[in-house]
Amino acid sequence: MGNEYEMDKSTNPDHVATPRWVVENIYSLINVEEFESIWLPFNNYDSEFKNKAEELNLKYKSTHIFDDLGNDFFTTHPPNRCDLMISNPPFSQQNDIIVRSFDLIEQKAIKSFALLLPLATLETERRASIYQEYNDKLSILIFKKRIKFLGHSTSFNRGCCWICYNIPALQERRIQWV
Ligand SMILES: C[S@@+](CC[C@H](N)C(=O)[O-])C[C@H]1O[C@@H](n2cnc3c(N)ncnc32)[C@H](O)[C@@H]1O
């Protein structure tokens, strides 16, 4: 799976790495150390989400479609008693990812989530209707500056936000600029 992963990294425009400052910023905003069973889907051995989780000694499980078990987000079961799912998913699949994330909430397979998505996630009637349906515990963190994502041979700057559901530290201020 390692070679396939390296190949994907160099050819797939969706495959970009989240910079460390973004990970440190969100871990601090959500008080990540309060969570007891964290799932990092879409994260392989070179992810900053995983590196930082390791440094903080968090209880986490990191999975990726090209890891040894071929852990596809759409079929992988979250770790037991998962109280937080957090990741930067492939933006091109965001609609299906958003639907599955709320399905996992409904099934009580995860308690909360934070997804890093392009600001355009707030567009489209379909997505807006889903967010509206879950507005009771939704929080949105909007980046003041664009994030520079690093790919193998490319990079791009994108305006982004965190779409968060049921994260206790964010319930008092459900819209923030970061
Ligand atoms: C935007 S990148 C983010 C990588 C890493 N999480 C980070 O933030 O640095 C999304 C990653 O998800 C992987 N991926 C794509 N479809 C997937 C799926 N169905 N299940 C799990 N991982 C998938 C891609 O190969 C890519 O590495």
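Before reading on, note that the structure itself is shown above.
Residues numbered from 1 in each chain as written. Predicted model: local features only at pLDDT ≥ 70, side-chain atom pairs only at ≥ 80, totals over all residues. Heavy atoms only, no water.

### Quick notes on the site of the ligand
Working step 1: Close to the ligand lie 19 residues, the nearest being T18, F42, N43, H64 and F73.
Working step 2: Residue H64 places a side-chain N or O atom 2.8 Å away from an oxygen atom belonging to the ligand.
Working step 3: The contact in question runs from a nitrogen atom of the ligand to an N or O atom on the backbone of I65, over 3.4 Å.
Working step 4: Across the complex, the protein chains shield 94% of the 590 Å² of accessible surface that the ligand would expose by itself.
Working step 5: Counted by class, the shell around the ligand contains nine nonpolar, seven polar and three charged residues. (Near = heavy atom within 4 Å. Polar contact = N/O pair within 3.5 Å; in protein donor to acceptor, adjacent residues only side chain to side chain. Areas by Shrake-Rupley, 256 points an atom, 1.4 Å probe, with all protein chains shown as cover. Nonpolar A, V, L, I, M, F, W, Y, C, P; charged D, E, K, R; others polar.)

### Re helix α4 (residues 94-106)
Working step 1: Compared with an ideal rise of 1.5 Å per residue, which puts 13 residues at 18 Å, α4 spans 18 Å between its outermost C-alpha atoms and is within 8% of the ideal.
Working step 2: Among the residues of α4, Q94, I97, I98, R100, S101, F102, L104 and I105 are the ones counted as buried.
Working step 3: Elements in contact with the buried residues of α4: β1 (38-40), β3 (84-87), β4 (113-118), α5 (125-133), β5 (138-142) and β8 (160-165). (Helix = DSSP H or I, 4+ residues; strand = E, 2+ residues; numbered from the N terminus. Expected span 1.5 Å × (residues − 1). Buried < 20%, exposed > 50% of the residue type's maximum accessible area, 1.4 Å probe, protein only. Contact = heavy atoms within 4.5 Å.)

### Digging into the pattern of salt bridges
Working step 1: All chains considered together, the criterion is met by five salt bridges.
Working step 2: The salt bridge involving E48 is made with R20; its shortest N-O contact spans 2.9 Å. Of this pair, E48 sits in helix α3 (residues 48-55) while R20 sits in helix α2 (residues 20-29), and the two are 28 residues apart along the sequence.
Working step 3: Note on E48: relative accessible area 24%, which makes it partly exposed.
Working step 4: The exposure class of R20 is partly exposed, given its relative accessible area of 27%. (Salt bridge = Lys/Arg side-chain N within 4 Å of Asp/Glu carboxyl O.)

### Considering the packing of aromatic side chains
Both the distance between ring centres and the angle between the ring planes are used here to describe each pair of aromatic rings.
Working step 1: If you walk through the whole model with that rule in mind, you get 14 aromatic pairs.
Working step 2: Ring centres 5.1 Å apart and planes at 75° place the aromatic pair F102 and F113 in the edge-to-face group. Of this pair, F102 sits in helix α4 while F113 sits in strand β4, and the two are 11 residues apart along the sequence.
Working step 3: Among the residues examined, F113 registers a relative accessible area of 1% and is labelled buried.
Working step 4: Following the ring pairs from residue to residue traces out a cluster consisting of W39, F42, F73 and F74.
Working step 5: Sitting over the ring of W21, K145 keeps its end group 5.1 Å from the ring centre. (Phe/Tyr/Trp six-rings, centres within 6.5 Å; stacked < 30°, edge-to-face > 60°. Lys NZ or Arg CZ within 6 Å of the ring centre and 35° of its normal.)

### Focus on the packing of α4 against α5
Working step 1: Running from amino to carboxyl end, α4 crosses α5 at an angle of 20°, the nearest separation of the two axes being 11 Å. By the angle between their axes, α4 is roughly parallel relative to α5. Once α4 is placed against α5, the crossing between them reads as left-handed. Counted together, Q94, N95, D96, I98, V99 and F102 of α4 and R126, R127, I130 and Y131 of α5 form the full contact between these two elements.
Working step 2: A per-class count over the contact of α4 with α5 returns five nonpolar, two polar and three charged. (Axes fitted to C-alpha atoms, helices over the stretch in contact; angles between N-to-C directions. Parallel < 35°, antiparallel > 145°, perpendicular 65-115°, else oblique. Left-handed = near helix turned anticlockwise from the far one by under 90°.)

### A closer look at the nonpolar core
Working step 1: By size, the foremost hydrophobic cluster in this structure holds 50 residues, and its most contacted members are Y27, I30, I86, F102, F113 and W162.
Working step 2: Top contributing element to this core by residue count: β8, with six residues.
Working step 3: Beyond its immediate chain neighbours, meaning those up to four positions away, I30 contacts F35, L84, I86, I167, A169 and L170. (Core = buried A, V, L, I, M, F, W, Y, C linked by side-chain atoms within 4.5 Å.)

### Notes on the environment of D72
Working step 1: Relative to the helices and strands, D72 is located in the loop between β2 (60-62) and β3.
Working step 2: Judged by its relative accessible area of 25%, D72 falls in the partly exposed class.
Working step 3: As a C-alpha pair, D72 and P41 span 31 residues in sequence and 8.5 Å in three-dimensional space.
Working step 4: At 2.9 Å, the side chain of D72 forms a polar contact with the backbone nitrogen of F74.

### What about the environment of K61?
Working step 1: Mapped onto the elements, K61 comes out in strand β2.
Working step 2: Aside from chain neighbours lying at most four places away, what touches K61 is I38, W39, L40 and P79.

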